[in-house]
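# A look at the structure
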Amino acid sequence: MGLFSFAKNVGRKLGVGDDEPQKAAATPGQPTAQQVQDLHERRRAAALVKVVDQMGFKVDDFSVRVDGDKAVLKGKPGSQEEREKIVLLVGNHEGIGNVDDQMQVARAEAQAQFYTVEKGDTLSKIAKQHYGDANAYMRIFEANRPLLKDPDEIYPGQVLRIPVQATAGAARA
């Protein structure tokens, strides 16, 4: 799918100690700043793999590499929908500004649109904008489960999946 941008300073925290690695001057016998950074990025990558697994996504040969604020995803998810949800799950974590999706799905499917929530947005407002029907908000909610637990709990900067329009006649923004 490619490279996706996210709001780096919003989202869930990974809970791997400090959000940023310790910056310390290297002294003999202690790790260098680069070694500390590398260790921190490996811990963040392992935490992201764990989050994907805990959400119930099954991806063959799944791996995450973190390089600064970029996460690189590799593996073979079962569907395009799972692929997109994994990209969003990883990208909607604090400290991740970009996701480089290098995952491959066996069967090509239509890609959903991604939408970044703005202040004042509701799922109904987003549904009206994309489908022409505010009552279609549950379609967006269901398309983002298990990432969303409640249709009323979205936040500015969060990125959501907007599934492809099922009927051809509805308005799109």
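Within each chain, residue numbers correspond to sequence positions counted from 1 in written order. Totals for whole chains, interfaces and linings use all residues, but because this is a predicted model, local features are given only for residues with pLDDT of at least 70 and pairs of side-chain atoms are given and counted only at 80 or more. Just so you know, side-chain values use all the structure's heavy atoms and leave hydrogens and water out.

### Structural notes on the overall build of the protein
For helices the rule is a DSSP run of H or I covering at least 4 residues; for strands it is a run of E covering at least 2, with both sets numbered from the N terminus onward. Counting secondary structure elements, the protein contains four helices and six strands. When the helices and strands of the protein are placed in sequence order, the string is β-α-β-β-α-β-β-α-α-β. Exposure classes here rest on a 1.4 Å probe applied to the protein chains alone. A residue is buried below 20% of its type maximum, exposed above 50%, and partly exposed in between. Across the 173 residues in the protein, those meeting the buried criterion constitute 40%. Restricting to contacts in the protein with at least 6 residues of sequence separation, those with at least 24 account for 68%. Residue burial considers only the protein chains on display, and all accessible areas are found by Shrake-Rupley using a 1.4 Å probe. Of the roughly 9500 Å² of accessible surface on the protein, a fraction of 49% belongs to carbon and sulfur atoms. Residue contacts follow a heavy-atom distance rule, with two residues in contact if any of their heavy atoms lie within 4.5 Å.

### Digging into empty space enclosed by the protein
One simple way to see leftover space: roll a probe sized like a water molecule over the atoms. Grid points spaced at 1 Å and placed over the protein atoms alone form the basis of the search, with a cavity being a set where a 1.4 Å probe fits but cannot get out and a pocket an open set showing protein on both sides within 12 Å along at least five of seven lines. Lining residues have an atom within 4 Å of a point. Grid points are joined across faces, edges and corners, and a volume is the space filled by probe spheres set on the points. The final tally for this structure, using the stated rule, is one cavity of 30 Å³ or more. In this structure, the largest cavity spans a volume of roughly 70 Å³. Lining the largest cavity, in full, are Arg12, Leu88, Leu89, Asn92, Asn144, Leu147, Leu148, Tyr155, Gln158, Val159 and Leu160.

### Here's the deal with the packing of aromatic side chains
By convention, a stacked pair of Phe, Tyr or Trp rings (six-membered ring in the case of Trp) has centres within 6.5 Å and planes under 30 degrees apart, an edge-to-face pair has planes over 60 apart, and any other such pair is tilted. Taken as a whole, this structure holds one aromatic pair when the rule is applied. Each ring, one from Phe4 and one from Phe114, has its centre 5.1 Å from the other, and the planes form 45°; the classification is tilted. Of this pair, Phe4 sits in strand E1 (residues 2-5) while Phe114 sits in strand E5 (residues 113-116); the two residues are 110 residues apart in sequence, bridging distant segments of the chain. Judged by its relative accessible area of 24%, Phe114 falls in the partly exposed class.

### Some points on the confidence of the model for the protein
Residue-level confidence of the predictor is what pLDDT reports, using numbers from 0 through 100. Residues with a pLDDT of 70 or more make up 86% of the protein, whose mean pLDDT is 86. Segment residues 167-173: pLDDT under 50, and eleven contacts once partners within four positions in sequence are set aside and those in other chains are kept.

### What about the environment of Lys74?
Structurally, Lys74 can be placed in strand E3 (residues 70-77). Note on Lys74: relative accessible area 38%, which makes it partly exposed. Along the sequence, Lys74 and Phe62 sit twelve residues apart, while their C-alpha atoms lie 5.6 Å from each other. Once you skip the residues sitting within four places of it in the chain, Lys74 turns out to touch Asp61, Phe62, Ser63, Gln102 and Met103.

### Some words on helix H1 (residues 33-54)
In this scheme, a helix's expected span is set at 1.5 Å multiplied by one less than its residue total. Here H1 spans 31 Å end to end across 22 residues, near enough to the 32 Å set by a 1.5 Å rise per residue. Taken as a whole, H1 has its buried residues at Gln37, His40, Glu41, Arg44, Ala45, Ala47, Leu48, Val51 and Val52. The arc that holds every buried residue of H1, seen down its axis, measures 160°, which confines them to one face. Those residues of H1 that are exposed and aimed more than 90 degrees away from the buried face are Arg42, Lys50 and Gln54. Looking at the buried side of H1, the elements it contacts are strand E2 (59-67), E3 and helix H2 (80-91). The first or second residue beyond H1 is Gly56, which carries a positive phi of 90°. Note: the arc covers the axis-to-C-beta directions of the helix.

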